[in-house]
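Summary of the model geometry
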Amino acid sequence: MSQSDQLFEALPEDAAPSGEPRKSGLGRTGILPSQAIRALIASGEIAGMAEIEDAQIQPASLDLRLGKVAYRIRASFLPGTKATVREKLTAVTFHEIDLTKGAVLEAGCVYLVPLVEHLKLRPTIAAFANPKSSTGRLDVFTRLIGDYQAAFDAVSEGYAGPLFAEICPRTFSIKVRYGSRLSQIRFRRRVSQQIDSDERPGRVGDRALRAIHSDVGLVEGEAAIREGLNLRISLEPIPPTGLVGYRARRYAGVIDVDQVGAYDVQQFWEAVHLGGDRRLVLDPHEFYILASKESVSVPPEYVAEMAPFDPLIGEYRVHYAGFFDPGFGYSEGKAPGAKAVLEVRSLDIPFIVEDGQIVGRLVYDRLTELPETLYGQGIGSHYQAQGLKLSKHFRQE
């Protein structure tokens, strides 16, 4: 039995997240925590061209590193179920870029980068990816691609093969290098008999979500729950400056993604202030950083994901990164303590949003067990207890 098998089998039979019915160890499914990710690394199911660093392992995800070369490509593509990524790559490549000494990826261009990490997963484990929070807040659109896959940001159960990142900086040109981390991957386990019957094993339904809110408090006050936890936008001026949010300045310069606190906010961002009506017109194809009205909480037994786009509420998206680690905004016995930062882009037409308008929803998934560490607990988390906050690259006053 492999180390990861031993870990999974060792889960206590009577453990179950709050608000959920108890299940046997054989029925336990959900997102794998950090210690299970370490076990997958030890067993060789997650590996890399360079040794995986401890700093890459987050409470319920693994940071992915860029490889040594980037391909400037004509257009985005998927390999489909009958081809590898490299078989499709030749037809769309303009030129190669060496990343070993650092290179600039230009805004508006599309790149494909082989990642350092590769997978050899067992048949009951699938993987899903998101941009890291700091990547999304720079308006860098990045997606995971795998061989023989028909969807972005996901690889099917039992996937064995390389991983690639499609990268398209939308507003700012960025400097990256070999080892830069723009995205993160998480792993979902389900038992074999569930594969055909449950498309999203571990997903928390609305009834259970209401029970969790009653128990620990997902937001302050009453929670609006419909196909997840609904979130409202805050356009209330923040005293004493009256700041509501930020709008990105185009052609402002290059941002090195590995530099923390290195850039002046005013050079790259325009402060957004509003009149008394608290309404904001989202101009087409402009990028805004705003915040939710609610402070939210992700209890230790769960992770959460922001649904990036809902055509029922408007032609815009409010989050590129969209992944919330266990412990985000959570403090036992206290009210939720962190806003959801919204990365907002109106798509084709101007769109008006008003203070308190529902703009997105958080969907929650169960972990298979409590992680070794939680978000913010001495692991260098940049956004715990956040309000309206830009990415870590900017000097915060």
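Residues numbered from 1 in each chain as written. Predicted model: local features only at pLDDT ≥ 70, side-chain atom pairs only at ≥ 80, totals over all residues. Heavy atoms only, no water.

1. Here we look at the overall build of the protein
As a reminder, the rule being used: Think of it this way: any DSSP run of H or I at least four residues long counts as a helix, any run of E at least two long counts as a strand, and we number them from the N terminus. Using a 1.4 Å probe on the protein chains alone, a residue whose accessible area is under 20% of its type maximum counts as buried, one over 50% counts as exposed, and one in between counts as partly exposed. Contacts: residue pairs with any heavy atoms within 4.5 Å of one another. Where accessible areas are quoted, they stem from the Shrake-Rupley method and a 1.4 Å probe; at the residue level, only the protein chains shown are allowed to cover.
Within the protein one finds 6 helices and 25 strands. Burial analysis of the protein (397 residues in total) assigns 55% to the buried set. Long-range pairs, those at least 24 residues apart, make up 80% of the contacts in the protein with a sequence separation of at least 6. Looking at the protein as shown, the accessible area adds up to about 17,000 Å², and 49% of this sits on carbon and sulfur atoms.

2. Topic: unusual backbone geometry
Here Pro239 and Pro240 are connected by a cis peptide whose omega angle stands at 0°. Along the chain, the position of Pro240 falls in the loop between strand E14 (229-234) and strand E15 (245-248). At Asp139, a residue that is not glycine, the phi angle is positive and equals roughly 60°. As for its position among the elements, Asp139 is in the loop between helix H4 (133-136) and strand E9 (140-146). In this model, Asp153 sits at a positive phi of 60°, which is unusual for a non-glycine residue. Following the sequence through the fold, Asp153 ends up in the loop between E9 and strand E10 (154-155).

3. A look at the nonpolar core
Defined as follows: In this description, a nonpolar core means a group of buried Ala, Val, Leu, Ile, Met, Phe, Trp, Tyr and Cys residues linked to one another through side-chain atoms lying within 4.5 Å.
In this structure, Leu119, Phe187 and Trp269 are the most contacted members of the largest nonpolar core, which totals 55 residues. Apart from the residues lying within four places of it in its own chain, the contact partners of Phe187 are Gly30, Ile31, Leu32, Ile37, Leu40, Ile46, Leu119, Leu121, Ile125, Ala126 and Ala127. Formed by 37 residues, the second largest nonpolar core is a distinct cluster that contains Leu229, Leu231, Leu235 and Tyr288.

4. With respect to the sheet that holds strand E12 (residues 173-176)
The condition is simple: Strands are labelled as partners when DSSP assigns at least two bridges between them. For every element, the axis is a line fit to its C-alpha atoms; helices are fit only across the contacting stretch, and the angle between N-to-C directions ranges from 0 to 180 degrees.
Spatially, E6-E12-E16 is the arrangement adopted by the 3 strands of the open sheet, whose pairing is mixed. With partners counted over all chains shown, the strands left at the sheet margins are strand E6 (103-105) and strand E16 (254-256), one partner each. Neighbour-to-neighbour, the strand axes of this sheet turn through a mean angle of 30°, independent of strand direction. Here E6 pairs with E12 via 3 bridges, running antiparallel.

5. Here we look at the packing of aromatic side chains
Quick reminder of the rule: In this scheme Phe, Tyr and Trp rings, the latter by its six-membered ring, pair at centre separations within 6.5 Å, and the angle between planes marks the pair as stacked below 30 degrees, edge-to-face above 60, and tilted otherwise. Sitting over a ring, as applied to charges here, requires NZ of Lys or CZ of Arg to be within 6 Å of the ring centre and within 35 degrees of the ring normal.
Throughout the structure, instances matching the rule amount to 9 aromatic pairs. Taking 5.4 Å as the distance between ring centres and 75° as the angle between the ring planes, the aromatic pair formed by Phe172 and Trp269 counts as edge-to-face. Here Trp269 lies in strand E17 (residues 269-272) and Phe172 lies in the loop between strand E11 (160-169) and E12, a separation of 97 residues in the sequence. Grouping residues by exposure puts Phe172 and Trp269 together as buried. Taking 5.0 Å as the distance between ring centres and 80° as the angle between the ring planes, the aromatic pair formed by Phe324 and Phe328 counts as edge-to-face. Phe328 matches Phe324 in its accessibility class, with the two residues each being buried. The rings of Phe172, Tyr246, Tyr263, Phe268, Trp269, Phe287 and Phe394 are connected pair by pair, giving a single aromatic cluster. We note Lys68 situated over the ring of Tyr178; from NZ or CZ to the ring centre the distance is 5.4 Å. Over the aromatic face of Phe152 sits the side chain of Arg143, whose NZ or CZ is 3.5 Å from the ring centroid.

6. So, the side chain of Ser346
The cut-off we apply is this: N or O atoms within 3.5 Å of each other form a polar contact, as long as, within protein, one can give a hydrogen and the other can take it, and as long as residues adjacent in sequence are counted only when both atoms are side-chain atoms.
Mapping Ser346 onto the fold places it in strand E23 (residues 338-346). Take Ser346: its relative accessible area is 0%, and that puts it in the buried class. Polar contacts involving the side chain of Ser346 include one to the main-chain carbonyl oxygen of Ile349, which spans 2.7 Å.

7. Thoughts on helix H5 (residues 206-216)
Threshold: Our arc is simply the arc of the directions from the helix axis toward the C-beta atoms.
For H5, the set of buried residues is Ala208, Leu209, Ile212 and His213. Summarising the axial view, the buried residues of H5 lie within an arc of 145°, below the 170-degree limit, and thus occupy one face. H5 presents Arg207 and Ser214 as exposed residues on the side facing more than 90 degrees away from its buried surface. Those residues of H5 that are buried are in contact with E14, strand E20 (302-306) and strand E25 (358-366).

8. Considerations on helix H2 (residues 34-42)
Because each turn of an α-helix spans 3.6 residues, side chains separated by three or four positions in sequence point in the same direction. Considered for burial, the residues of H2 that qualify are Ser34, Gln35, Ala36, Ile37, Ala39 and Leu40. Once H2 ends, the next one or two residues include Gly44, with phi positive near 85°.

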